Amino acid sequence: METQQHEGSSPPQAKGTTFLRTCFNGINTLSAILFWYTGLLLQRCMIANQLIKTYPDIGELAFGHKGRALISIFMYLELYLVAVEFLILEGDNLDKLFPNHGFKLGHLTIGGKQGFVLLATLVVLPTTWLRSLGALAYISAGGILASIILVLCVLWVGAIDGVGFDEEGTLLNWSGIPTAISLFAFCYGGHAVFPTLSNSMKDRSQFSKVLLVCFLTCTVTYGSMAVLGYTMYGEHLKSQVTLNLPVRKMSSKIAIYTTLINPLTKYALIINPIATALEETCPLRNSRPVSILLRTVIVVSTVIMALVIPFFGYVMAFIGSFLSVTMSVLLPCFCYLKINRGSKKKKSRIEVGVIVGIILVGFFIGVVGTYVSLKQIIDHLRK
C-alpha cells in the first residue's frame, strides 16, 4: 500500500539541500568572479610593457627590485607547496585503492602511503624534464578530461551505486567558512603562472578569453563536486571525496584512478617556473643534462616535504589563505594600481572602489584563513 505523507509535511532534506547548494554555488561563483577579475588585472599590467614575461617582471615594473623579490618569494613558495600537495594527493588515493600495502627496499620497510608517494614521483619525474609549454599542453589536456570524468563518476556513485544524496548535516557552519573560502582560493589561485602562459601564446590579446573559459570550466567543476560530495557524505566528507567512495564499486575505482591522473598532468606545469628561474641563474643554463639534474633535485625535495607534511586538507587551506590570496588577490590589485597610476587613461571611481574592496576582502580572508589553517595544523601535530 502506498504510504501517504501527512498534509503540510515535506521531505526533511528538501529545503536543506536547496540551501546548501545555494551556499556552495554562491561561494564558488563569488570566488571565481573575484579571481577572474584579478587575473584580468594581471593581463592589463602585462599590456603596459611588452617586455614583461613573468609575474616577477610585473612586480619589478610596479615596485622595482623589492617588488620583484617579494613576488618571487611568494610565487615560488606557492608553486612549490602546490607541487607537494599533488604528491600527498597521489599517496592518499593510492593508499585508498591498495590499503595496508608496504614496500621493502633491502632491510628498509616503507609504509603504504609513503611508498605510493615515491611511486608517483617516479611516474611524474620524466614529465618535469620537458621545458616546452607547448609539449606540456598535451599533458594538461588529459587533466581537463580527467576532471570531467571524475565528476561524472562521483555522480554515478551517488545516483546509481546506492550512496544517495540525502546525507544530513549542519546547514551552515560559520566556523568552517574561513577554511572553505581558503580552499576555493587554493583552487582558483593560478595567477603565478598566468603571465608565463600568456607569454607562451602567439596572440597575447586572446588571453582574457582563455581566462574566461578556464574560470567558467573550473566553477562548474568545483561547484558540482562540492554539492555532490556534501549531499552524499555530509559532515563525514573527507578532505578528498575519493577517500569516502566505496572502493569495491567500479565507478569508485575509475574516480580514484582519474584523481591519480590529474595531478600527474599538472605537476610539471607547476614546477616549470621554479625550474626556469633557477636555470636562468645557472652559468650552464643551456645544458640539457644540467636542466634535467636541476629539475630532478626540485622533484626530490618536494617528495621529502610530502613525506614530512602529510596533512592534505590543512596544508591546502594554508596555501589558499596565505599564499594564494596574496599572489592572486592582493598583489595583482597593488601592482595594477601602481603601474596605471600615471596612465593617461584615468581609472573610474567605481573601478578603484571595486579594487579597494577586493583588497579589504583579501586581507580579511588571508588573516582569518591563515590563523584557522595554522591552528588546525598545530592541533593535528599535537595528536
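Let me sum up the structure you'll find in this document. None of the values given here were measured: they were computed from a predicted structure.

Where nonpolar side chains cluster on the molecular surface, the patch consists of Leu118, Val300, Ile304, Leu307 and Val308 and spans about 400 Å² of accessible area. The element that contributes the greatest number of residues to the nonpolar patch is helix H9 (residues 288-308), accounting for four residues. Here Val300 lies in helix H9.

Below, the discussion takes up the packing of helix H10 (residues 312-339) against helix H11 (residues 349-382). Close contact between H10 and H11 brings their axes to 8 Å; oriented N to C, the two are set at 160°. Judged on the interaxial angle alone, H11 and H10 are roughly antiparallel. Here H10 and H11 pass one another in a crossing that is left-handed.

Side-chain pairs of opposite charge can arise whenever the charged atoms involved come near each other. A complete count under the given rule lists five salt bridges for this structure. Between Arg295 and Glu279 there is a salt bridge whose closest N-O contact spans 2.8 Å. Note that Arg295 is positioned in helix H9 and Glu279 in helix H8 (residues 250-280), a separation of 16 residues in sequence. Owing to a relative accessible area of 1%, Arg295 belongs among the buried residues under this scheme. Here Asp379 makes a salt bridge to Lys375, at a shortest N to O gap of 3.2 Å. Within this pair, Asp379 and its partner Lys375 are both found in helix H11, separated by four residues, close to a single helical turn. With a relative accessible area of 43%, Lys375 lands in the partly exposed category. Through salt bridges with shared partners, a single ionic network connects Asp57, Glu60 and Arg68.

Among the structural elements, Val227 can be located in helix H7 (residues 207-233). Assessed through its relative accessible area of 10%, Val227 is described here as buried. Along the sequence, Val227 and Phe165 sit 62 residues apart, while their C-alpha atoms lie 9.3 Å from each other.

All right, on to the packing of aromatic side chains then. Inspection of the entire model under this criterion finds eight aromatic pairs. Centroid distance Phe194 to Phe207: 5.9 Å. Interplanar angle 70°. Geometry classified as edge-to-face. Separated by 13 residues along the polypeptide, Phe194 in helix H6 (residues 194-199) and Phe207 in helix H7 bring together distant segments of the chain. Each member of the pair, Phe194 together with Phe207, is buried.

Moving on, we come to the nonpolar core. Among the nonpolar cores identified, the biggest contains 69 residues, and Tyr55, Ile58, Tyr267 and Met327 are the most heavily contacted of them. Ranked by residues supplied to this core, first place goes to helix H2 (residues 55-97) with 16 residues. Judged by nonpolar contacts, the second largest core, of twelve residues, contains Val151, Met225, Leu228 and Met232.

Bringing the environment of Ala146 into the picture now. Position of Ala146 relative to the elements: it lies in helix H4 (residues 133-159). Linking Ala146 and Tyr257, residues 111 residues apart in sequence, is a C-alpha distance of 9.2 Å. Ignoring sequence-local partners within four residues, the contact set of Ala146 consists of Thr258, Ile261 and Asn262.

The next subject is helix H5 (residues 177-188). Between its terminal C-alpha atoms H5 stretches 16 Å, which fits the 16 Å expected from twelve residues at 1.5 Å a residue. Along H5, the residues that are buried comprise Pro178, Thr179, Ser182, Phe184, Ala185, Phe186 and Tyr188.

Turning next to empty space enclosed by the protein. Under the criterion given, the structure shown has two cavities of 30 Å³ or more. Within this model, the second largest cavity holds a volume of roughly 30 Å³. Considering the residues around the second largest cavity, the lining is formed by Gly39, Leu42, Gln43, Met46, Phe194, Pro195 and Phe207. The set of elements that each furnish at least two residues to the lining of the second largest cavity consists of helix H1 (14-47) and H6.

What counts and what doesn't
- Residues numbered from 1 in each chain as written.
- Predicted model: local features only at pLDDT ≥ 70, side-chain atom pairs only at ≥ 80, totals over all residues.
- Heavy atoms only, no water.
- Patch = residues over 30% accessible without salt bridge, like charges linked within 9 Å, V, L, I, M, F, W, Y side chains within 5 Å.
- Areas by Shrake-Rupley, 256 points an atom, 1.4 Å probe, with all protein chains shown as cover.
- Salt bridge = Lys/Arg side-chain N within 4 Å of Asp/Glu carboxyl O.
- Helix = DSSP H or I, 4+ residues; strand = E, 2+ residues; numbered from the N terminus.
- Axes fitted to C-alpha atoms, helices over the stretch in contact; angles between N-to-C directions.
- Parallel < 35°, antiparallel > 145°, perpendicular 65-115°, else oblique.
- Left-handed = near helix turned anticlockwise from the far one by under 90°.
- Buried < 20%, exposed > 50% of the residue type's maximum accessible area, 1.4 Å probe, protein only.
- Phe/Tyr/Trp six-rings, centres within 6.5 Å; stacked < 30°, edge-to-face > 60°.
- Core = buried A, V, L, I, M, F, W, Y, C linked by side-chain atoms within 4.5 Å.
- Contact = heavy atoms within 4.5 Å.
- Expected span 1.5 Å × (residues − 1).
- 1 Å grid on protein atoms, 1.4 Å probe; cavity = no way out; pocket = protein on both sides within 12 Å on 5 of 7 lines; lining within 4 Å.
- Points joined across faces, edges and corners; volume = space filled by probe spheres on them.

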